[in-house]
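Okay, here's what each chain looks like letter by letter:
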Amino acid sequence: MIGYTTLGTNDLPRASAFYDELFGVLGIKRIMDFGRGYAWGTGMDKPGFGVMTPFNKEPATVGNGVMIALVVDSRAKVDAVHAKALALGGQDEGAVGLRGEGFYAGYFRDLDGNKLNVFCMG
């Protein structure tokens, strides 16, 4: 159902370097350049993830209660993405582990304070 998500940034070079490295763990690369932001994904026919400076030229802010969840296909990838996010300067928002039956996840904030989750089922 989701076509793409977009998070705001106030420092595009820093944010894009963070996501280049983070998504590199999964073999995901940039698929679009908007001039004021970028999108990553596995193809134009799959959901994408974007980071941009706000269109209205106002400062980007973090939405309280907003979170982007990234699905992967193994616990090892959950561990790797969460660890990479922290190594790149992201903040831990919940260590990796089981949460409920079959939901394995880790939570973190990117360099702009946006909250993300990486998870797998099983």
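This text goes with the structure placed above it.
Residues numbered from 1 in each chain as written. Predicted model: local features only at pLDDT ≥ 70, side-chain atom pairs only at ≥ 80, totals over all residues. Heavy atoms only, no water.

*Asks:* Just give me the short version of the overall build of the chain, but keep the residues and values in it.
*Replies:* Of regular secondary structure, the chain possesses two helices and eight strands. Reading the chain from its N end, one meets helices and strands in the order β-α-β-β-β-β-α-β-β-β. In terms of overall dimensions, the chain has a C-alpha envelope of 45 × 30 × 25 Å along the principal axes. Within the chain, buried positions represent 38% of all 122 residues. Counting contacts in the chain only where the partners sit at least 6 residues apart, residues at least 24 apart contribute 50% of the total. Total accessible area on the chain is roughly 6900 Å²; 56% of this is exposed by carbon and sulfur atoms. A distance of 2 Å separates the average location of the 12 positive side-chain charges in the chain from that of its 13 negative side-chain charges. (Helix = DSSP H or I, 4+ residues; strand = E, 2+ residues; numbered from the N terminus. Buried < 20%, exposed > 50% of the residue type's maximum accessible area, 1.4 Å probe, protein only. Contact = heavy atoms within 4.5 Å. Areas by Shrake-Rupley, 256 points an atom, 1.4 Å probe, with all protein chains shown as cover. Lys, Arg positive; Asp, Glu negative; His and termini not counted. Charge placed at Lys NZ, Arg CZ, Asp CG, Glu CD.)

*Asks:* Report on helix α2 (residues 75-87), specifying residues and quantitative values.
*Replies:* Taking 1.5 Å per residue as the helical rise, α2 with its 13 residues ought to reach 18 Å, and the 18 Å between its terminal C-alpha atoms agrees with that figure. Along α2, the residues classified as buried are V78, V81, H82 and A85. The arc that holds the buried residues of α2, viewed along the axis, is 95°, so those residues lie on one side. What points out from α2, more than 90 degrees from its buried face, is the exposed set A76 and A87. Check the buried side of α2 and you find it contacts α1 (12-24), β6 (91-98), β7 (103-109) and β8 (115-121). Once α2 ends, the next one or two residues include G89, with phi positive near 105°. (Expected span 1.5 Å × (residues − 1). Arc of directions from axis to C-beta.)

*Asks:* Explain the packing of α1 against α2 to me, using residue names and the numbers behind them.
*Replies:* Direction vectors running N to C along α1 and α2 enclose 155°, while the axes themselves pass 9 Å from each other. Taken together, the axes of α1 and α2 lie roughly antiparallel to each other. The way α1 lies across α2 gives a crossing that is right-handed. Across the interface between the two elements, F18, E21 and L22 of α1 pack against V81, K84 and A85 of α2. Residues that form the contact of α1 with α2 fall into these classes: four nonpolar, no polar and two charged. (Axes fitted to C-alpha atoms, helices over the stretch in contact; angles between N-to-C directions. Parallel < 35°, antiparallel > 145°, perpendicular 65-115°, else oblique. Left-handed = near helix turned anticlockwise from the far one by under 90°. Nonpolar A, V, L, I, M, F, W, Y, C, P; charged D, E, K, R; others polar.)

*Asks:* For the nonpolar core, give the residues involved together with the corresponding values.
*Replies:* Core analysis: the largest hydrophobic core is formed by 23 residues, its most contacted members being Y19, W40, F49, F108 and L116. Listing elements by their share of this core, those giving two or more residues are α1, β3 (37-41), β4 (48-52), β5 (68-71), α2, β7 and β8. If one sorts the elements of this core by residue count, α1 sits on top with six residues. L116 has contacts with L7, Y19, F49, M67, I68, L70, G106, Y107, F108 and D110, leaving out every residue within four places of it along the chain. (Core = buried A, V, L, I, M, F, W, Y, C linked by side-chain atoms within 4.5 Å.)

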